[in-house]
Amino acid sequence: MAKDTRWTDAVRTLAAQGIDQEFNNGYLRLYTASRPAGPSTAITTQTLLAELRFAATAAASVTNGVITFNALTPDLSANASGTVTWARCLKSDGTTAICDLSVDTASANVIVPTTTITAGVEVAVNTASVTVAATSAQ
């Protein structure tokens, strides 16, 4: 039988509050192509489209395990053209990965006005959030 852990919202919020500071002054990088297996997996065929910055206090709120971020600083000039499919969050050092997120115009961790990015054009996100899962398989 597989192990299955289920967390209360209060515990998920505590866990999220321990994570939220990792994003302060960090980076949100938008990429094309398939998302890697996880944030420890190297970027290979994916193209970096844009790089936005989290605020000095990245999290606006943490409720029921959901970290909702303050507005991110836009990328004033996108690196490349393409269709954004996922994002990687990095700590303020710009090299330490925190997590990979879904990106779309609705129902994703990162909500963008459009998934089509054009080189040299400003890129912003509407909203961004991360959820600490209520259950985990072990």
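Described in the following lines is the structure provided in the data block. For clarity, every value in this text was computed on a predicted model and none was experimentally measured.

1. As for the pairing of strand S5 (residues 66–69)
In regular strands, side chains alternate between the two faces of the sheet.
Alright, step 1. Residues Ile67 and Phe69 line the buried face of S5, whereas the alternating positions Val66 and Thr68 sit on a face that is not buried.
Alright, step 2. In this sheet, S5 lies alongside strand S4 (residues 59–63) in antiparallel orientation, the contact comprising 4 bridges. Considered in S5, the bridge of Ala59 is made with Phe69.
Alright, step 3. Here S5 pairs with strand S11 (residues 127–131) via 3 bridges, running antiparallel. Bridge pairing in S11 places Ile67 opposite Val130.

2. A few points about the state of the cysteines
Alright, step 1. As enumerated under the stated definition, the model contains 0 disulfides in all.
Alright, step 2. Cys89 carries a free sulfur, and the closest cysteine sulfur to it, the one in Cys99, is 3.9 Å from it.
Alright, step 3. Cys89 gets classed as buried once you look at its relative accessible area, which sits at 0%.
Alright, step 4. Residue Cys99 is classed as buried on the basis of its relative accessible area, which comes to 14%.

3. Things to note about the nonpolar core
Inside soluble globular proteins, nonpolar side chains tend to come together where they are buried.
Alright, step 1. Grouped together as the largest cluster of nonpolar side chains are 30 residues, with contacts concentrated most on Phe23, Leu28, Leu30 and Phe69.
Alright, step 2. Contributions of two or more residues to this core are made by strand S2 (27–31), strand S3 (48–53), S4, S5, strand S7 (86–90), strand S8 (97–104) and S11.
Alright, step 3. Excluding its chain neighbours within four sequence positions, the residues that come into contact with Phe23 are Phe54, Ala55, Ala58, Ile67, Phe69, Cys89, Ile98, Cys99 and Val130.

4. Observations regarding unusual backbone geometry
Alright, step 1. The phi angle at Asn64 is positive, at roughly 50°, despite the residue not being glycine.
Alright, step 2. If you trace the backbone, Asn64 turns up in the loop between S4 and S5.
Alright, step 3. Judged by its relative accessible area of 37%, Asn64 falls in the partly exposed class.
Alright, step 4. In this model, Ser107 sits at a positive phi of 50°, which is unusual for a non-glycine residue.

5. Regarding the packing of aromatic side chains
Alright, step 1. Taken as a whole and judged by the stated rule, the model has 4 aromatic pairs.
Alright, step 2. Taking 5.4 Å as the distance between ring centres and 65° as the angle between the ring planes, the aromatic pair formed by Phe23 and Phe54 counts as edge-to-face. In this pair, Phe23 is assigned in the loop between helix H1 (9–19) and S2 and Phe54 in the loop between S3 and S4, connecting sequence segments 31 residues apart. Residue Phe23 shares its accessibility class with Phe54, and that shared class is buried.

Conventions and cut-offs
Residues numbered from 1 in each chain as written. Predicted model: local features only at pLDDT ≥ 70, side-chain atom pairs only at ≥ 80, totals over all residues. Heavy atoms only, no water. Buried < 20%, exposed > 50% of the residue type's maximum accessible area, 1.4 Å probe, protein only. Helix = DSSP H or I, 4+ residues; strand = E, 2+ residues; numbered from the N terminus. Pairing = 2+ DSSP bridges. Disulfide = S-S within 2.5 Å. Core = buried A, V, L, I, M, F, W, Y, C linked by side-chain atoms within 4.5 Å. Contact = heavy atoms within 4.5 Å. Phe/Tyr/Trp six-rings, centres within 6.5 Å; stacked < 30°, edge-to-face > 60°.

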